[in-house]
Amino acid sequence: MNYTKAASVNLNQENKKVIAQTEQFVKDTLAGAEAGHDWWHIHRVLNNAKLILETDEADQLVVELAVLLHDIADSKFNDGNEELGPQKAGEFLRSIHVEENIVQHVQRIIRNMSFRSGLGSVNFHSKELEIVQDADRLDAIGAIGIARTFTYGGFKNREIYNPEIPPTLNMSKEEYKNSVAPSINHFYEKLLLLKDKMNTTAGRQIADDRHRFMEIYLEQFKNEWNGKR
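The rules we used
- Residues numbered from 1 in each chain as written.
- Predicted model: local features only at pLDDT ≥ 70, side-chain atom pairs only at ≥ 80, totals over all residues.
- Heavy atoms only, no water.
- Phe/Tyr/Trp six-rings, centres within 6.5 Å; stacked < 30°, edge-to-face > 60°.
- Helix = DSSP H or I, 4+ residues; strand = E, 2+ residues; numbered from the N terminus.
- Core = buried A, V, L, I, M, F, W, Y, C linked by side-chain atoms within 4.5 Å.
- Buried < 20%, exposed > 50% of the residue type's maximum accessible area, 1.4 Å probe, protein only.
- Contact = heavy atoms within 4.5 Å.
- Polar contact = N/O pair within 3.5 Å; in protein donor to acceptor, adjacent residues only side chain to side chain.
- Salt bridge = Lys/Arg side-chain N within 4 Å of Asp/Glu carboxyl O.

Caption draft 1: Molecular detail of the packing of aromatic side chains. Inspection of every chain in the model, using the stated rule, returns nine aromatic pairs. Arranged with centres 5.8 Å apart and planes meeting at 20 degrees, the rings of Phe221 and Trp225 form a pair that is stacked. Residue Phe221 and its partner Trp225 are located together in helix α11 (residues 201-225), separated by four residues, close to a single helical turn. Put simply, the rings of Phe150, Tyr161, Phe187, Tyr217, Phe221 and Trp225 touch in pairs and so form one group of aromatic residues.

Caption draft 2: Summary view of the nonpolar core. Within the largest apolar cluster, 55 residues are counted, with the highest numbers of intra-cluster contacts made by Leu69, Leu93 and Val106. Taken together, the elements giving at least two residues each to this core come down to α1 (13-29), α2 (39-53), α3 (60-69), α4 (84-95), α5 (100-112), α7 (127-138), α10 (183-189) and α11. Residue contributions to this core peak at eight residues, all from α3. Filtering out sequence-adjacent residues up to four positions away, Leu93 remains in contact with Thr22, Leu65, Leu69, Val98, Val103 and Val106.

Caption draft 3: Here's a closer look at the side chain of Asp139. Residue placement: Asp139 occurs in the loop between α7 and α8 (142-155). Within the structure, the side chain of Asp139 is placed 2.7 Å from the side chain of Arg44, a separation counted as a polar contact. Not counting chain neighbours up to four residues away, the residues in contact with Asp139 comprise His41, Arg44, Val45, Asn48, Ile144, Gly145, Arg148 and Arg210.

Caption draft 4: The pattern of salt bridges, seen in detail. If you walk through the whole model with that rule in mind, you get nine salt bridges. Asp139 serves as the salt-bridge partner of Arg44, at 2.7 Å between the closest nitrogen and oxygen. Of this pair, Arg44 sits in helix α2 while Asp139 sits in the loop between α7 and α8, and the two are 95 residues apart along the sequence. We classify Arg44 as partly exposed; its relative accessible area is 23%. Residue class for Asp139 comes out buried when judged on its relative accessible area of 2%. A salt bridge links Asp56 to Lys127; the nearest nitrogen and oxygen atoms lie 2.8 Å apart. With Asp56 in the loop between α2 and α3 and Lys127 in helix α7, this residue pair connects regions lying 71 residues apart in the sequence.

Shown next, in the form of structure tokens:
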């Protein structure tokens, strides 16, 4: 089945109601969540997605619902369970009577959008997935990405940096899931790779500046670590 729409849709009143209900559900569910994966992360990703939708045609309702629900039960915080998120998203959307084809599309996006998922076998593709994936990746890089990296590292009680533990490149999905490496390693194992993985033209353009900001930050970090000016 082809899930990609021919053109962006302007949300009608019924769809706006669905979005409002979903926003409230996500806010309630993520209350007290780790700060890098809380409601404000969702809010920023939604803004990124809307920015991309200004130039890329896709089903806006699907995109916004997938963004809102993509971290509703992140496997990192649920014993590695990668099906819990799609399951909870589907249960909620069905409870507010969203059409089944939309529910299933949102679930497929959630299953396949993460960097971790891309390290394994991905059997689904849509324009909406591309946009949601780019919007989420943009929040993982740049100034916000740096803040989120160290927030999560602190949450997991990881070292900031350890020069005796080099980054592990070309990790398998299982290696990535089980990594406990220092936070700085995450830049080389994931964040600096995201610029070249963007799907959309808008995503690539925004990523360029944020990528360079991270490079400058890492140069400064290493200088300070090594006692240089």
